[in-house]
Amino acid sequence: MGNRVKGRTKPKSIKAATHSGMSSKRKLSRMGKVRKKNHAGIDATFIGRAKVLKRLQISLKDFRRLCILKGVYPREPRGRAPSNKKGQVFYHIKDVKALNHEPLLDKFREFRTFMKKIRKSANRNEKDEARRKEPLAPRYTLHHLVRERYPRFNDALADLDDALCLISLFAALPSDGRIKSGITRKAKELSASWGAYCSVMGCVTKSFISVKGVYLEASIQSAATNGQSIPIRWVQPHNFTQYIPEGVDFRVMLTFFEFYETLLGFVMFKLYGELGIRYPLQTVATTTGGEENVVSNVTLHPTLGGKATSVLAANLSALQMALHQASQGNSAVNAIKDAMQQNVGGDDETGEDGKEKKTVKELKAEKKRQKELMQSVDEALKGVNQDEEDDDDIRGDEYIDDDEDEDQVPIAAPLREALEAISDGTTGNEYDNGNFANIITSQDAKKRHQLFHNLTFFLSREVPRGYLELIILSFGGQVGWEGQDSPIVMDDASITHHVVDRPALLASYEKLPKSREYIQPQWILDSANFNFVLPITKYGVGKELPPHLSPWVEDKEEGYVPKYREEVEALKNGEVLEDADSSAVEVEKGVVDSEGDESSEEEEIPSHIIGTEKDTKESGSEEGGSEDEEEEDEEADAKAATKKQTEDDEAAQLAKALMSKKAARLYGRMQHGIAQKQAKVDNLHKKRREIESTREKSKDGKSVNKLKVERLKNERRKVENNYGEGVSGGSMKKQRRRK
């Protein structure tokens, strides 16, 4: 215990100040550890862009390309950044380490060294030497980056929206400046191969036309997604002349295109591989002038005449031909046939034991027995089918017991088809004429594919082909257009819908068959979005179209359902809607007739009818008492409702007063959001009432807007007449006009 007295509290110890004689451990225990620079805090986690460039030893241009390809983006540090580092671009230390070990970094350095050699030869005026070295440039691939960033196929499909948007944009841009013709050609080929797959498999679900372009959504369901449908939405630009702005950095866009090209190639290879088709497709596309633009040498399907003016049509034809070949090589009937041949061949030849082969006579006799067996089976199946067609009480010559043959009858038809196919040596082509319903695996896609089934569309030359052709084929229809490569001629009698985008029909259309309907392009999109074949009365040529509703807006959640959507839902439920235009015309006619015949009817009223009118007036006075009672009941109900509303408001105010400050603030924000949403809904209802009121007409046939303008003009004239010359103000010119 030392000098400490027992029973007294220990006084507070006073530590001596640190000095140079202390050891390092004692100093650290007293003062804490001294942090090294860049080992803790924001400096240890995030690095500025200048330091990253210094660490990787590459230029800013190559660093941007590497970050885009690798998927590395700037990050914002948590908390407040130091005052001397505000406005800087930070990257995470882990991302920088990943970039430091990227194989593309070495390729970029090799390419920079190669360009030094090329410039050196060019400066020496050694052009031949520079051309000789050009094919020796270092090349690289992005396959490892796609596998690294998207380890699962679902991840690649989920990130395909931006890729399709950018590729569709490059397919619509002109080949000028930094955009080479090879880039636009590759973009068109990728976009067409994606469109061909979506149209064949019935993947397109929704579409919408906007100012930016045509929004399309496809639902992809493959074996790799485990039966899960993944929606993919992209924008396809309009087929107009695109003006390239000056402020766009195409180096960044081309880097994104480079990666998305590889990504979409991986996805299409997987999707086409599930169909048993090797990707990329071999197609040939020609320009409208007739000069061939060869993508790869192959003859197209005969339905297109061996040529295609559209890349999408070329890909569709190549896919149709590939599916035709795959169906012949992988059919179940051919598998049965190969199995039977193997069984026969096993008896003909000996194995590895070295036994002697059968003689020619024995082989012929065995083939004869096989043929007789096939004929006997065929006759037996004919008897089974004949017994199925007979009535239950009347049988053929031989009586067949129902209990014994109960399991054999359903097998007869498929077995007969298989045997007939084997005996003929050919199978039916289920992909002829664009019928791909048998290869669609999704049940939803099969239902969508039946919407335009047995409908044939013909597109006029002013109608855009790209997205309309994609939607029509995806929903099971057939399509033709004005061109040499069209599979359907313009005057074909099988055409059911002729798509025209003109204010009036041409005189030459009168010679066409009368069995077709002339519609505007919006009918196709609206029918596909509603999944219902809409009436064509509102979509005729030259008519004012109904509103084009977005399929991605949830009307019930928004609180407002457009009138046209209500009409379509009523049509789906089987209700009959009256035409508003015809009813308005009938009302106008009724008003005019009633005004014209009013005086004559008053003169020709007989006396006995006048007596009956008096009786009805007396009965009406008796009924007036009951109407007054009903009005009193309604007033009482209204008073009860208002009383209940006030009580509810008072209870809500009391509950709000009992809330805490935090809960009251949160409740106020919730009510503010609800009020804003309700204000939008009320504004939409107000606009709807105004539109409906403007369509109504007065007795003179004038609309509400016209009457309003006339009323305002009359009021202004009255004011001017009342004041007369005493009106002061205005220019001298206006005063002279008043005189």
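Treat the numbers as computed from the prediction; the structure is a model and nothing was measured.

Scoring rules and cut-offs
Residues numbered from 1 in each chain as written. Predicted model: local features only at pLDDT ≥ 70, side-chain atom pairs only at ≥ 80, totals over all residues. Heavy atoms only, no water. Pairing = 2+ DSSP bridges. Helix = DSSP H or I, 4+ residues; strand = E, 2+ residues; numbered from the N terminus. Axes fitted to C-alpha atoms, helices over the stretch in contact; angles between N-to-C directions. Contact = heavy atoms within 4.5 Å. Salt bridge = Lys/Arg side-chain N within 4 Å of Asp/Glu carboxyl O. Buried < 20%, exposed > 50% of the residue type's maximum accessible area, 1.4 Å probe, protein only. Phe/Tyr/Trp six-rings, centres within 6.5 Å; stacked < 30°, edge-to-face > 60°. Lys NZ or Arg CZ within 6 Å of the ring centre and 35° of its normal. Core = buried A, V, L, I, M, F, W, Y, C linked by side-chain atoms within 4.5 Å. pLDDT = per-residue confidence, 0-100.

Attention shifts here to the sheet that holds strand β11 (residues 517-519). Sheet strands pair by backbone hydrogen bonding; their relative direction is either parallel or antiparallel. A sheet is described by the order of its strands in space; here 4 strands give the open sequence β9-β8-β10-β11, paired in parallel fashion. The sheet is open, and its two borders are formed by β9 (478-481) and β11, each paired with just one other strand. On average, each strand axis in the sheet is inclined to that of its neighbour by 25 degrees, with strand direction left out of account. Each of β8 (456-459) and β9 is contacted by helix α18 (residues 466-474), which is oriented at about 155 degrees to β9, the strand it contacts most.

Under the counting rule described, the total for this entry stands at 15 salt bridges. The salt bridge partner of Arg-65 is Glu-258, with a shortest N-O separation of 3.5 Å. With Arg-65 in helix α4 (residues 60-70) and Glu-258 in helix α12 (residues 250-274), this pair connects stretches of sequence that are 193 residues apart. One salt bridge connects Arg-251 with Asp-249, and the closest N-O pair in it is separated by 3.4 Å. Judged by relative accessible area, which is 39%, Arg-251 ranks as partly exposed. For Asp-249, a relative accessible area of 31% translates into the label partly exposed. One network of salt bridges, with partners in common, ties together Lys-70, Glu-102 and Glu-148.

This model, assessed by the stated rule, comprises 16 aromatic pairs. A ring pair is formed by Phe-111 and Phe-114, whose centres lie 6.3 Å apart and whose planes are at 40 degrees; its orientation type is tilted. With a gap of 3 residues between them, Phe-111 and Phe-114 both fall in helix α6 (residues 103-123), about one helical turn apart. By relative accessible area, which is 39% here, Phe-111 ends up partly exposed. Ring-pair connections join several aromatic residues into one group, and the members of that group are Tyr-150, Phe-256, Phe-259 and Tyr-260. Positioned above the aromatic ring of Trp-481 is the side chain of Arg-465, whose terminal nitrogen or guanidinium carbon lies 3.8 Å from the ring centre.

Right, let's talk about the nonpolar core for a bit. Counting 100 residues, the largest nonpolar core has Leu-160, Phe-170, Trp-194 and Ile-524 as the members making the most contacts within it. Looking at this core element by element, the count peaks at 12 residues for α12. In this view, Ile-524 contacts Phe-452, Phe-457, Leu-468, Ile-471, Ile-472, Val-499 and Ile-519; residues no more than four positions away in its chain are not counted.

Caution is warranted with low-pLDDT regions, since their predicted coordinates should not be read in detail. Chain-level pLDDT for the protein is 74 on average; 66% of the residues reach the 70-or-more range. Within the protein, helix α14 (residues 332-348) has the poorest average pLDDT of any element, 41, and strand β3 (residues 204-209) the best, 94. With pLDDT under 50 throughout, residues 391-434 is counted as low confidence; its partners more than four residues away or in other chains account for 45 contacts.

Turning next to the pairing of strand β5 (residues 230-236). Put simply, side chains in a regular strand alternate between the two faces of the sheet. In terms of burial, β5 is a largely internal element, 5 of the 7 residues being buried. The sheet contact formed by strand β4 (residues 214-220) and β5 spans 7 bridges and is antiparallel. Considered in β5, the bridge of Val-214 is made with Gln-236.

Attention now goes to the pairing of β3. Two strands pair when backbone bridges link them, and β3 and β4 are joined in this way by 5 bridges, in the antiparallel orientation. Looking at β4, one finds that Ile-209 is bridged to Val-214. Linking two consecutive strands that pair antiparallel, namely β3 and β4, is a turn of 4 residues.

With that settled, consider unusual backbone geometry. The linkage connecting Tyr-279 with the following residue, Pro-280, adopts the cis geometry, with an omega of 5 degrees. For Pro-280, the location among the structural elements is in the loop between α12 and β6 (284-286). Positive phi, normally seen in glycine, also occurs at Gln-57, with a value near 60 degrees. Take Gln-57: it is sitting in the loop between α3 (49-56) and α4. A relative accessible area of 56% means that Gln-57 is categorised as exposed. In the Ramachandran plot, Asn-531 falls in the positive-phi region, its phi being about 55 degrees despite a non-glycine side chain. With respect to the element layout, Asn-531 can be found in the loop between α19 (522-530) and α20 (555-558). The exposure class assigned to Asn-531 is partly exposed, which follows from its relative accessible area of 40%.

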